[in-house]
Amino acid sequence: MPFDFALSPMRRVAAALALVFAAAPAAAFDTQAEAAYVVDYNTGTVLLEKNAHDPLPPSSMSKLMTLYMLFEALRDIDSLTLETRFPVSERAAAMGGSSMFLNPSDRPTVEELIRGIVVQSGNDATVVVAEGLSGSEEAFAQLMNDRAQMLGMTESTFVNSSGWPHPEHRMSMRDLGILTVRLISDFPEFYEYFAEEKFEFDGRVPSNHFNRNPLLGLDIGADGLKTGHTQEAGYGLVGSAVQGGRRVVFVVNGLPSREARAAESQRILNWAFRQFVEREVVAEGRQIAEAPVWMGAAESVNLVAAAGRTMLLPVLAQDLVPGEAIFDAPITAPIAAGDVLGELILRPEGLPEARVPLVADRDVAEGGFGQRLTTVGRMLLEQLGDRAGGTL
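Here is a short report on the structure shown in this document. Only a predicted model underlies this, so the values are computations on that prediction, with no experimental measurement involved. (Residues numbered from 1 in each chain as written. Predicted model: local features only at pLDDT ≥ 70, side-chain atom pairs only at ≥ 80, totals over all residues. Heavy atoms only, no water.)

Examining the packing of helix H4 (residues 123-134) against helix H5 (residues 137-150)
Spelled out, the test is: Here, axes are lines fitted to C-alpha atoms. For helices the fit covers the stretch in contact, and angles between N-to-C directions go from 0 to 180 degrees. Helix and strand labels come from DSSP, where a helix needs a run of H or I of at least four residues and a strand needs a run of E of at least two; each type is numbered from the N terminus. We call two directions roughly parallel when the angle between them is under 35 degrees, roughly antiparallel when it is over 145, roughly perpendicular when it lies between 65 and 115, and oblique otherwise. Contact criterion: two residues are considered in contact whenever any of their non-hydrogen atoms come within 4.5 Å of each other.
Remark: H4 packs on H5, axes separated minimally by 8 Å, with the N-to-C direction vectors making an angle of 85 degrees. In terms of their interaxial angle, H4 and H5 are classed as roughly perpendicular. Residue-level contacts link Val127, Ala130, Glu131, Leu133 and Ser134 of H4 to Glu137, Ala139, Phe140 and Leu143 of H5.

Things to note about helix H6 (residues 173-186)
Along an α-helix, a turn takes 3.6 residues, which lines up residues three or four apart on a common side. This is how the line gets drawn: Helices are assigned an expected span. That span is 1.5 Å times one less than the residue count. Only protein chains enter the area calculation, which uses a 1.4 Å probe; residues under 20% of their type maximum are buried, those over 50% are exposed, and those in between are partly exposed.
Between its first and last C-alpha atoms H6 spans 20 Å; for 14 residues at 1.5 Å apiece the expected length is 20 Å, and the two agree. All buried positions along H6 are accounted for by Met173, Arg174, Asp175, Leu176, Gly177, Leu179, Thr180, Leu183 and Ile184. In this structure, the buried side of H6 is in contact with strand E2 (35-40), helix H1 (63-76), helix H7 (188-191), strand E4 (222-230), strand E5 (234-243) and strand E6 (246-255).

Here we look at empty space enclosed by the protein
The line we're drawing: In this analysis the probe radius is 1.4 Å and the grid spacing 1 Å, with only protein atoms considered; a cavity is a set of points the probe fits into but cannot get out of, a pocket is an open set with protein on both sides within 12 Å along at least five of seven lines, and lining residues have an atom within 4 Å of a point. Grid points are joined across faces, edges and corners, and a volume is the space filled by probe spheres set on the points. Three classes are used, and their members are as follows: Ala, Val, Leu, Ile, Met, Phe, Trp, Tyr, Cys and Pro are nonpolar, Asp, Glu, Lys and Arg are charged, and the others, Gly among them, are polar.
Taken as a whole and assessed by the stated rule, the structure comprises two cavities of 30 Å³ or more. Of the residues in the lining of the largest cavity, the class split is five nonpolar, five polar and two charged. In this model, the second largest cavity occupies a volume close to 40 Å³. Around the second largest cavity, the lining residues are Val118, Val119, Ser121, Asn211, Arg212, Asn213, Leu225, Lys226 and Thr227. Tallying contributions element by element places E4 first for the lining of the second largest cavity, with three residues. Of the residues in the lining of the second largest cavity, the class split is three nonpolar, four polar and two charged.

A few points about helix H8 (residues 258-274)
Taking 1.5 Å of rise per residue, 17 residues should cover 24 Å, and H8 covers 24 Å from first to last C-alpha, within 8% of that figure. Listed as buried for H8 are Ala260, Arg261, Ala262, Glu264, Ser265, Ile268, Leu269, Trp271, Ala272 and Phe273. Those residues of H8 that are buried are in contact with E2, strand E3 (46-50), E4, E5, E6 and strand E7 (276-282).

So, the packing of aromatic side chains
A ring pair, where both rings are aromatic, is described by two values, the distance of the centres and the angle of the planes. The cut-off we apply is this: For Phe, Tyr and Trp, where Trp contributes only its six-membered ring, two rings pair if their centres lie within 6.5 Å, and the inter-plane angle classes them as stacked under 30 degrees, edge-to-face over 60, or tilted in between.
Under the counting rule described, the total for this entry stands at eight aromatic pairs. Centre to centre, the rings of Phe71 and Phe194 are 6.4 Å apart; their planes meet at 80 degrees, and the pair counts as edge-to-face. Linking Phe71 in helix H1 with Phe194 in the loop between H7 and E4, this pair joins segments that are 123 residues apart in sequence. Across the pair, exposure class does not vary: Phe71 and Phe194 are buried alike. Between Tyr191 and Phe194, the aromatic rings sit 5.5 Å apart at their centres with planes inclined by 45 degrees, giving tilted as the arrangement. Note on accessibility: Tyr191 and Phe194 belong to one class, buried. Through successive ring pairs, a cluster of aromatic residues spans Tyr68, Phe71, Phe187, Phe190, Tyr191 and Phe194.

So, the layout of surface pockets
Here the second largest pocket defines a volume of roughly 270 Å³. Elements supplying a minimum of two residues to the lining of the second largest pocket: E4 and H8. Of the residues that constitute the lining of the second largest pocket, the class distribution is three nonpolar, 12 polar and five charged.

Some details on unusual backbone geometry
Put simply, Gly224 and Leu225 share a cis peptide bond, and its omega is 10 degrees. Residue Pro330 is bonded to the preceding Ala329 through a cis peptide linkage, with omega at -5 degrees. Mapping Pro330 onto the fold places it in the loop between strand E11 (320-329) and strand E12 (331-332). In this structure, Asn51 takes a positive phi of about 50 degrees despite not being glycine. Take Asn51: its relative accessible area is 41%, and that puts it in the partly exposed class. Positive phi is not limited to glycine here, since Phe101 has a value of about 60 degrees.

Looking at the sheet that holds E4
We apply this condition: Each pair of strands is called paired provided DSSP finds at least two bridges between the two strands.
What the five strands build is an open sheet, ordered E3-E2-E6-E5-E4; its pairing is antiparallel. Each edge of the sheet is formed by a strand with only one pairing partner; in this case those strands are E3 and E4. Put simply, the sheet's adjacent strands are angled 5 degrees from each other on average, direction ignored. As judged from the six bridges shared by E2 and E6, these two strands associate in the antiparallel manner. Paired with Ala35 across the strands is Asn253, a residue of E6. Sitting on the sheet, H8 touches E2, E3, E4, E5 and E6, and the angle it makes with E6 is about 145 degrees.

Below, the structure written as structure tokens:
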């Protein structure tokens, strides 16, 4: 009876590893906000979620979507610049709530409108932007919805450009977090507007010409982004700060007062910066495992990390970071250096797992006839031994 020399006895191998250094779970954080989302910007690690996927009234925090759309238009439309002037309609001038106090005779520049939205939270300014870009606020809101879906913001519905209360105008804290990360990464040239503390349009000095963000000016690295408040939503804040090369983005909503919003935002930043540290867990090219080779000129090949991996980990050090190398074995020759043969899964306690591709560190050619015959003979002897052992 002929033997089938083409088939190798493949099996899934999962090798448990203990990597690099110790890391214990971070201290638990219980926010007073009704909903919250905290993410480490550099690594994308989500540090805290509380009702983060619930679509809630976002109040003026949804103005960030209007600004994102405006920044995209500035990038993509050659005829649109920061000096472009937009007309002010009767509808825009009639908007209540926070305002730039625009009137129909004004023709503010795009830059003035950006500053009016960020600092003064101007509802009138958002309507001017919506009408200037799309002709009507309704058409602009539909574009907001379409773009939000493309950005992965699947828990948001926009009805207007300002966040004016409406039963269907909703955003989740997660979606606001996604939007904030995109604002920072996609438009660094415009991000500095969010740190501006004061703006007066055309010499007018309304009561709201100071930025309401309570973190600006506290010397804690805060540089944005937007407050929000309505009776239904409570007090909210989309914030970001940088300390020691790390950036933290957070969203809170449903707090009972301005004072509570300010205090809770500082508590979140203190916790996020002090309880976690960014470390390189795996260096590029580090050997992680050794895999047997089937029908090759060598009996094994080293599996190394295809790239370095930096992770956010708890500061306290107690237990080793657990890892698991997963690959099919034996691996059939020929093998080329750089071939992806498996993956390393890192599972720090209390934080999301991370995956790193494992690649061959060198070429392994097919073995000659003698090597093949030896390999098959060894496999047959192993199988016969297993069968004999099973009959005892």
